[in-house]
Structures are given as C-alpha cells and as structure tokens.
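Fold and contact review
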Amino acid sequence: MQRDIALLRTLQERDLEIQEIKSKTDSLREALVELVTMHKVLLGSLEGQRAQLEETRALMRDKEIELESNLDRYNQSKAKLSAVSNTREYNALEREMDALRKMRAQLEEERDSLREAVEESEGDVADKTEKTTELEGQIKSEESTIKKESAKTKDRIKTLEDERDKLKRDLPKQLVRRYVFISSRRPGPAVVPAVDGVCTGCNMALPPQQYNELFVGQKLIQCSNCQRILYINPDATTEEEEA
C-alpha cells in the first residue's frame, strides 16, 4: 500500500501541475475577454459621441449662417434708414433693426452654448480615443502573452499527461477511481498527510486507532470527515519510532 500511496501522490502532483498551468492560461484568457469587452463598450460609446459631436457642429454652423444673414439684413436696414423720407418709414426701420438686434443676441447666445458643447465633447472624444488606443495595445499584448504561454506550456502539459496516464496504469483501477471521485468532489488535493493525529485536508482530528494504522501502512486510510486519502510523511514515521 505504501508503494501505491507514493505513486498516487506522484499522480496527484502531475494533476495539480496541469490544473495550475490551465488555470493560469484561463486567467489570462478571462483578462483578455474583459479587455475586449471594455474596448467594445468604449468604442460603441465613442462612435455615438462622435456622431453627436458632428450633429452639434452642424447646428453651430447653422447658427453662424443665421448670424451672417441677420447681420446682412441689419446692415441693409441701416443703409435704408438714411434714405427714408418720412417718420413712419423711419420708425418701421427702427423697429425692424431692434428686432434684428434682439434676434442676433439670441443667436449669439445659442451659438456660444453650442460652441461650449462642441469643445467639451471634443475633449471627451479625445480622452476616449486615447483610452481606446491604450486598450487596443493591451489587447495585443495579452494576445501575444497567451500565444507565447500556450506554446510554452503545450509540451509540458503533454509530458505531464503522458506521465499521469502511465501512473494510472501502474495503480490499481479501484484506487484510481476512488482518487478521481474524491478529486471531482473537492477542490485541492485528494491525497493529504496526517500530522499529529489531524487530517491536513479538513483539520479534523482522526481516531487514534486510525492514525496508528497509517504508520503501519498496510491498508488504505481515508479521513472519515472529508474522505480524503491519508498518508504519513516518512519523517513523521521516523520521529514516531524514535519517540
């Protein structure tokens, strides 16, 4: 049984290393997906804001055209003012010019508000454009890292899987099935040491008789609480014998 436990521990080492490698790659891929999602959202927002900016610029140009038209009409009325021959015409032109002045003041206010909106929007668009470019750089960097990591770990995973398969062939099938079952039910190691009468997998105290049987090493011992397969480190056996 001690030989089987030793092989089982080696099998577990291979499994845990494979899990660690895959977990690292998965974390990189998740980070990449998050960056791509952020970039997509930001790009959509940026495109919408650019369209809104163009609409605001168009409105501002329209106001400037209206202002030019207003000024032309005002100057024409002013020119006519010196040529009027009676008070009625003079007063009519005065009223028209006053209305044009008021309209010009309103148009200028609207144009200035639009100009401020354009400037603010241009600043936001510039910031988002910069962030979008930064994210694109990060995405390319992450893609490169994942590609390199995958290439680097591919051969290692193949070696570990080959070693794992050989170890399974060298172990009793029933023991392998039990190990796989425990591994599938609980995170972390399925084979753990017992130290000072305690299962290090769940930190529960073992019955004294069960703990003593571990030192004999003639049968498979599992923790009655977490069902993990238990073993005793060789150093611990030596210390017990010396005691």
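For the structure itself, consult the block above.
Procedures and definitions
Residues numbered from 1 in each chain as written. Predicted model: local features only at pLDDT ≥ 70, side-chain atom pairs only at ≥ 80, totals over all residues. Heavy atoms only, no water. Salt bridge = Lys/Arg side-chain N within 4 Å of Asp/Glu carboxyl O. Helix = DSSP H or I, 4+ residues; strand = E, 2+ residues; numbered from the N terminus. Buried < 20%, exposed > 50% of the residue type's maximum accessible area, 1.4 Å probe, protein only. Core = buried A, V, L, I, M, F, W, Y, C linked by side-chain atoms within 4.5 Å. Contact = heavy atoms within 4.5 Å. Phe/Tyr/Trp six-rings, centres within 6.5 Å; stacked < 30°, edge-to-face > 60°. Pairing = 2+ DSSP bridges.

Once that is clear, we can look at the pattern of salt bridges. A complete count under the given rule lists 18 salt bridges for this structure. The salt bridge partner of Asp162 is Lys158, with a shortest N-O separation of 2.8 Å. Taken together, the residues Asp162 and Lys158, both in helix 2 (residues 87–170) and four residues apart, mark about one turn of the helix. The partly exposed category is assigned to Asp162, whose relative accessible area is 38%.

Moving on: the nonpolar core. The biggest cluster of nonpolar side chains holds 14 residues, and the ones touching the most others in it are Leu8, Leu11, Leu171, Leu175, Tyr179, Val191 and Ile229. For this core, the secondary structure elements donating two or more residues are helix 1 (2–81), helix 3 (173–185) and strand 3 (229–231). With near-sequence residues (within four places) excluded, Leu171 lies in contact with Asp4, Leu7, Leu8, Leu11 and Val176.

Glancing now at the side chain of Thr132. Looking at where Thr132 falls in the secondary structure, it is placed in helix 2. Accessibility expressed as a relative area gives 4% for Thr132, which makes it buried. Each residue touching Thr132, except ones within four places of it in the same chain, is listed here: His39, Leu42, Leu43 and Leu46.

The subject of this paragraph is the packing of aromatic side chains. Evaluation of the coordinates by the stated rule reveals one aromatic pair. Considering the side-chain rings of Tyr211 and Phe215, the 5.2 Å spacing of their centres and the 90° angle between planes classify their relative orientation as edge-to-face. Taken as a pair, Tyr211 and Phe215 lie in helix 4 (residues 208–216) at a separation of four residues, close to a single helical turn. Since its relative accessible area comes to 11%, Tyr211 is described here as buried.

On to the pairing of strand 1 (residues 191–195). Within strand 1, four of the five residues are buried, which leaves the element mostly enclosed by the surrounding structure. Sheet topology places strand 1 next to strand 3; three bridges connect them, and they run parallel. When the bridges of strand 3 are listed, Pro193 appears paired with Tyr231. Both strand 1 and strand 2 (residues 198–199) contribute to a ladder of two bridges, which runs antiparallel. Among the inter-strand pairings, Ala194 is bridged to a residue of strand 2, identified as Cys199. Following strand 1, the chain reverses through two residues before pairing antiparallel with strand 2; Asp196 in that reversal takes a positive phi of roughly 55°.

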